[in-house]
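Observations on the three-dimensional arrangement
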Amino acid sequence: FQVGVEENLGLQSLTAEAQAPFYYDDADSDTINLDVFGKSYVDIESPSNNSKVGYGETPEVLCSVEDLTGDGITDYPVEFFQNDTTIATKQTDFRGEATAEWDVPNKLNNYSVGCRISDNSTLNFKTYDNESSRLYETEDNVPPEVNNLQISAEELRPGDSVDINY
């Protein structure tokens, strides 16, 4: 017995009926209940793979949860993580998308950021592909700040110009 991709999820009844000549009452049937589950998978949509992100920034991470037909699944819990540490848990919207802000650490490094899902008996889905992640490299994109500058005027004369490079 194979369940079609368009089958309704959740508790379904299946009735089998047997008929045969000379069978007692000429027919018999039995009904069983089946709990039909769909398959779900998650994919990280943005930021794009191998992006460089400035440390201290808070880019938005977008993940989508879909069934095997490519339709988004509403109200599916999505866990967002950085290097296996949970940074947020959000529900998907009507398109099957969930977003979370990622607080990029103030440290030059590579970080794996992604999302994962679990089997969901309430929505009747089993995970087909439960995790999606991407690698990001942090970069220092903050220009240096000059806090104190001292200039010795021993060799300067009025009208001279000074170039300061930092």
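Residues numbered from 1 in each chain as written. Predicted model: local features only at pLDDT ≥ 70, side-chain atom pairs only at ≥ 80, totals over all residues. Heavy atoms only, no water.

What follows covers the side chain of Ser64. Among the structural elements, Ser64 can be located in strand β5 (residues 60-67). Side-chain polar atoms of Ser64 contact the side chain of Glu45, separated by 2.7 Å. Leaving out residues up to four positions away in the same chain, Ser64 has contacts with Tyr41, Val42, Asp43, Glu45, Gly96 and Glu97. (Helix = DSSP H or I, 4+ residues; strand = E, 2+ residues; numbered from the N terminus. Polar contact = N/O pair within 3.5 Å; in protein donor to acceptor, adjacent residues only side chain to side chain. Contact = heavy atoms within 4.5 Å.)

A few words on the state of the cysteines. Under the definition given, this model contains one disulfide. One disulfide bridge connects Cys63 with Cys115, the sulfur atoms lying 1.9 Å from each other. On the sign convention where negative means left-handed, the S-S torsion of about -95 degrees between Cys63 and Cys115 marks this disulfide as left-handed. Placement of the pair is Cys63 in strand β5 and Cys115 in strand β9 (residues 110-116), with a sequence separation of 52 residues. (Disulfide = S-S within 2.5 Å.)

Strand order in the open sheet formed by five strands is β4-β11-β9-β6-β7, and the pairing between neighbours is mixed. Two strands lie at the open edges of the sheet, namely β4 (52-54) and β7 (85-91), each paired on one side alone. Across the sheet, the mean angle separating the axes of adjacent strands is 30 degrees when strand polarity is ignored. (Pairing = 2+ DSSP bridges. Axes fitted to C-alpha atoms, helices over the stretch in contact; angles between N-to-C directions.)

Counting across every chain of the model gives three aromatic pairs. Ring geometry for Trp102 against Tyr111: centres 6.3 Å apart, planes inclined by 70 degrees, an arrangement best described as edge-to-face. When sorted by exposure, Trp102 lands in the same class as Tyr111, which is buried. Residues Trp102 and Tyr136 carry aromatic rings whose centres are separated by 5.7 Å and whose planes lie at 45 degrees to one another, so their mutual orientation is tilted. Placement of Trp102 in the loop between β8 (97-101) and β9 and of Tyr136 in strand β11 (residues 131-139) is noted, with a sequence separation of 34 residues between them. The class for Trp102 is buried, based on a relative accessible area of 1%. Through successive ring pairs, a cluster of aromatic residues spans Trp102, Tyr111 and Tyr136. Sitting above the plane of the Phe81 ring, Arg116 keeps its charged end 4.1 Å from the centroid. (Phe/Tyr/Trp six-rings, centres within 6.5 Å; stacked < 30°, edge-to-face > 60°. Buried < 20%, exposed > 50% of the residue type's maximum accessible area, 1.4 Å probe, protein only. Lys NZ or Arg CZ within 6 Å of the ring centre and 35° of its normal.)

For the rest of this paragraph, the subject is a nonpolar patch on the surface. On the surface, Val146, Leu149, Leu156, Val162 and Ile164 cluster together to form a nonpolar patch covering roughly 410 Å² of accessible area. Position of Leu156 among the secondary structure elements: in the segment after β11. (Patch = residues over 30% accessible without salt bridge, like charges linked within 9 Å, V, L, I, M, F, W, Y side chains within 5 Å. Areas by Shrake-Rupley, 256 points an atom, 1.4 Å probe, with all protein chains shown as cover. Salt bridge = Lys/Arg side-chain N within 4 Å of Asp/Glu carboxyl O.)

Grouped together as the largest cluster of nonpolar side chains are 21 residues, with contacts concentrated most on Val61, Cys63, Val65, Val78, Phe80, Trp102 and Cys115. Where this core is concerned, the elements lending two or more residues are β3 (38-46), β5, β6 (77-82), β8 and β9. Beyond its immediate sequence surroundings of up to four residues, Cys115 is in contact with Val42, Asp43, Ile44, Cys63, Val78, Glu79, Phe80, Phe81, Asn130, Glu131 and Ser132. (Core = buried A, V, L, I, M, F, W, Y, C linked by side-chain atoms within 4.5 Å.)

A few words on the pairing of β9. With five of its seven residues buried, β9 lies for the most part within the structure. Pairing of β6 with β9 involves four bridges; the strand directions are antiparallel. Counterpart to Phe81 in the pairing with β9 is Gly114. Of the strand pairs in this sheet, β9 and β11 are connected by seven bridges, and their pairing is antiparallel. Bridged to Tyr111 within β11 is Tyr136.

None of this, on its own, says anything about what the molecule does.
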